[in-house]
Amino acid sequence: MFKSGFVSLVGRPNVGKSTLINQFIGKKVSIVSYRPQTTRNVIRGIYNDDDCQIIFTDTPGIHKSEDLLGEIMNTNATNETKNVEVILFLVDASKKNFASDQYIIDKIKDSKLPIILVVNKIDAISKKELLDLLLHYESFQLFNEIVPISALKKDNIDHLLEVIKSYLSEGPQYYPITMVSDHPQSFTFAETIREKILFLTQEEVPYSIGVYCESIKETEKRITIHAIVLTNRESQKGIIIGENGNMLRKITQIAEKDLKMQFNKNVRISIYVKAYKNWRNNLRLLKMLGYSVE
Ligand SMILES: Nc1nc2c(ncn2[C@@H]2O[C@H](COP(=O)(O)OP(=O)(O)OP(=O)(O)O)[C@@H](O)[C@H]2O)c(=O)[nH]1
Ligand SMILES: [Mg+2]
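Since the model is a prediction, treat every value here as computed from it, not as a measurement.

Rules used in this analysis
- Residues numbered from 1 in each chain as written.
- Chains lettered and ligands numbered in written order.
- Predicted model: local features only at pLDDT ≥ 70, side-chain atom pairs only at ≥ 80, totals over all residues.
- Heavy atoms only, no water.
- Helix = DSSP H or I, 4+ residues; strand = E, 2+ residues; numbered from the N terminus.
- Rg over C-alpha atoms; globule rule 2.2 N^0.38 Å.
- Buried < 20%, exposed > 50% of the residue type's maximum accessible area, 1.4 Å probe, protein only.
- Contact = heavy atoms within 4.5 Å.
- Areas by Shrake-Rupley, 256 points an atom, 1.4 Å probe, with all protein chains shown as cover.
- Domains from an automatic or database assignment.
- Buried area = accessible area lost by both parts, 1.4 Å probe.
- Phe/Tyr/Trp six-rings, centres within 6.5 Å; stacked < 30°, edge-to-face > 60°.
- Donors = N, O, S within 2.8 Å, 3.2 Å for Na, K, Ca; no water.
- Polar contact = N/O pair within 3.5 Å; in protein donor to acceptor, adjacent residues only side chain to side chain.
- Core = buried A, V, L, I, M, F, W, Y, C linked by side-chain atoms within 4.5 Å.
- Expected span 1.5 Å × (residues − 1).

Undergrad: For this particular structure, what's the right way to read the overall build of the protein?
TA: Looking only at helices and strands, one finds ten helices and ten strands in the protein. A compact globule built from 294 residues would reach a C-alpha radius of gyration of about 19 Å, and the protein, at 20 Å, matches this within 12%. Along the three orthogonal principal directions, the C-alpha set of the protein runs to about 55 × 40 × 35 Å. In the protein, which comprises 294 residues, the share counted as buried stands at 50%. A fraction of 71% describes how many contacts in the protein between residues 6 or more apart in sequence connect residues 24 or more apart. As displayed, the protein offers around 14,400 Å² of accessible surface, 50% of which is attributable to carbon and sulfur atoms.

Right, here's the structure in full:
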């Protein structure tokens with residue numbers, strides 16, 4: 001019997017949702033960083049094996065939104081807990097935050113869908129701490145399964161897959177097996193550039209940027225990308241460019257290197273940085289950047 005189904009990954013920011021989806025798919029479909037609120041879109045990753053297809057959905061971390069982009073992120077993440085077969089609710093074992101957990105539990109508990117609680121980052125805590133945590137979550141009597149894993153170390157991922165499959169029923173192959181993600185290449189390019197900026201900049205700068213590809217030219221040997229980076233303020237634009245353009249050069253170089261590895265082609269990127277006050281609250285710009293309620 002061939003099984004298939006849609007499975008959503010939800011949780012607070014930074015708990016490891018994108019790390020886990022990348023491990024499931026075996027390829028980077030969603031960018032990862034040590035900062036919260038890295039993922040801003042709903043991203044589908046397609047897992048295939050001989051007798052099963054699972055469409056995993058990575059979602060933005062559910063958080064207290066302070067602007068329109070935050071609101072859109074939360075709405076899209078919450079909507080992904082409907083019309084799926086299974087919900088994976090991820091928590092970070094190394095950073096307990098029961099109040100925030102409860103906020104998300106309240107949103108998913110009436111869904112009548114199977115909820116698998118995934119306790120991630122168990123590599124970062126002791127066995128005793130893990131046991132206490134599992135007992136805590138067990139006491140909710142709300143989760144169909146509780147599975148401890150380390151997405152980073154790939155610990156217990158195969159078991160988690162088996163558990164997920166046990167909740168899926170017979171179904172069709174929704175996507176061709178060659179497809180790993182539902183997003184176009186332009187999304188991957190823009191997200192890779194954003195990922196490098198998240199790593200290289202500090203404080204509010206990572207949150208203040210938006211990236212989109214203005215043009216892409218692809219030949220047999222080379223991909224040429226012109227990207228725009230929006231910042232909230234002129235001063236942030238200065239930070240992204242850096243002294244003598246050093247920061248921008250660094251961002252460009254490491255993004256090119258990453259994409260070269262991913263696509264097996266030479267990649268040339270040119271980035272234009274533009275300050276646009278309050279773009280995170282500007283519906284038109286948000287849409288242009290690919291952020292809208294789905
Ligand atoms: N120690 C440890 N760190 C992990 C594990 N899984 C993820 N991380 C780290 O946690 C951080 C956040 O990971 P992400 O996958 O970006 O988290 P996310 O839930 O997608 O975050 P948002 O997109 O902001 O909602 C990164 O620094 C990861 O390397 C794990 O199993 N163990
Ligand atoms: Mg993420």
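Undergrad: Is there a simple way to think about the domain arrangement of the protein in this case?
TA: Interface size is commonly expressed as the accessible area that is lost once the parts come together. When cut into domains, the protein gives domain 1 (3-170) and domain 2 (185-288). Once you take the C-alpha centre of each, domain 1 and domain 2 turn out to be 28 Å apart. Contact residues are listed per partner, giving 18 residues for domain 1 and 21 residues for domain 2. Note on domain 1 versus domain 2: buried area summed over both sides is about 1,700 Å², and carbon and sulfur give 50% of it. Together, Ile31, Arg35 and Arg40 form the three largest contributors to the area buried by domain 1 at its contact with domain 2, with a combined 35%.

Undergrad: When you look at the packing of aromatic side chains in this model, what are you seeing that I'm missing?
TA: Any aromatic ring pair is given by two values, namely how distant the centres are and how the planes are angled relative to each other. Under the criterion given, the structure shown has nine aromatic pairs. When the ring of Phe89 is compared with that of Phe143, the centres are 6.2 Å apart and the planes differ by 35 degrees; the resulting orientation is tilted. With Phe89 in strand β4 (residues 86-92) and Phe143 in the loop between α4 (127-138) and β6 (145-148), this residue pair connects regions lying 54 residues apart in the sequence. The exposure class of Phe89 is buried, given its relative accessible area of 0%. Classification of Phe143 by relative accessible area gives buried; the value is 11%. Each member of the aromatic cluster is reached from another via a ring pair, and the members are Phe89, Phe98, Tyr137, Phe140 and Phe143.

Undergrad: What's the story with the coordination of the magnesium ion (ligand 2) in this structure? I'm lost.
TA: Geometry reference: four tetrahedral donors at a metal, ideal angle 109.5 degrees. Six octahedral donors, ideal angles 90 or 180 degrees. Protein coordination at the magnesium ion (ligand 2) comes from Ser18 (OG) and Thr39 (OG1), with a distance range of 1.9 to 2.1 Å. Of this pair, Ser18 sits in helix α1 (residues 17-25) while Thr39 sits in the loop between α1 and β2 (43-49), and the two are 21 residues apart along the sequence. In terms of burial, Ser18 and Thr39 fall into one category: buried.

Undergrad: Mind showing me how you'd approach the side chain of Ser181 here?
TA: With respect to the element layout, Ser181 can be found in the loop between β7 (169-170) and α6 (185-200). With a relative accessible area of 17%, Ser181 lands in the buried category. Of the polar contacts made by the side chain of Ser181, one reaches the backbone oxygen of Arg44; its length is 3.3 Å. Reaching out from Ser181, the side chain makes a polar contact with the backbone nitrogen of His183 at a distance of 3.2 Å. Contact partners of Ser181, with chain neighbours within four places excluded, come to Val29, Ile43, Arg44 and Ile46.

Undergrad: I keep staring at the nonpolar core and nothing clicks. Help me out?
TA: Generally speaking, a soluble globular protein has its nonpolar side chains buried in company with each other. Residues Leu20, Phe24, Phe56 and Leu88 are the most contacted members of the largest nonpolar core, which totals 26 residues. Counting only elements with at least two residues in this core, the list comes to β1 (3-11), α1, β3 (52-58), β4, β5 (115-120) and α5 (157-166). Here the element with the most residues in this core is α5; it accounts for five residues. Not counting residues within four places of it along the chain, the set of residues in contact with Phe24 comprises Tyr47, Phe56, Leu88, Ile157, Leu160, Leu161 and Ile164. Listed in part, the 22 residues of the second largest apolar core include Phe189, Ile197, Val229 and Leu259.

Undergrad: What am I meant to see in helix α2 (residues 68-79) here?
TA: Side chains three or four residues apart in an α-helix point the same way, a direct result of the helix having 3.6 residues per turn. With twelve residues, α2 should reach 16 Å at 1.5 Å per residue; the first-to-last C-alpha distance of 16 Å fits that figure. Within α2, the full set of buried residues consists of Leu69, Gly70, Ile72, Met73, Asn74, Asn76, Ala77 and Thr78. The inward-facing, buried residues of α2 contact β1, α3 (98-108) and α10 (283-288).

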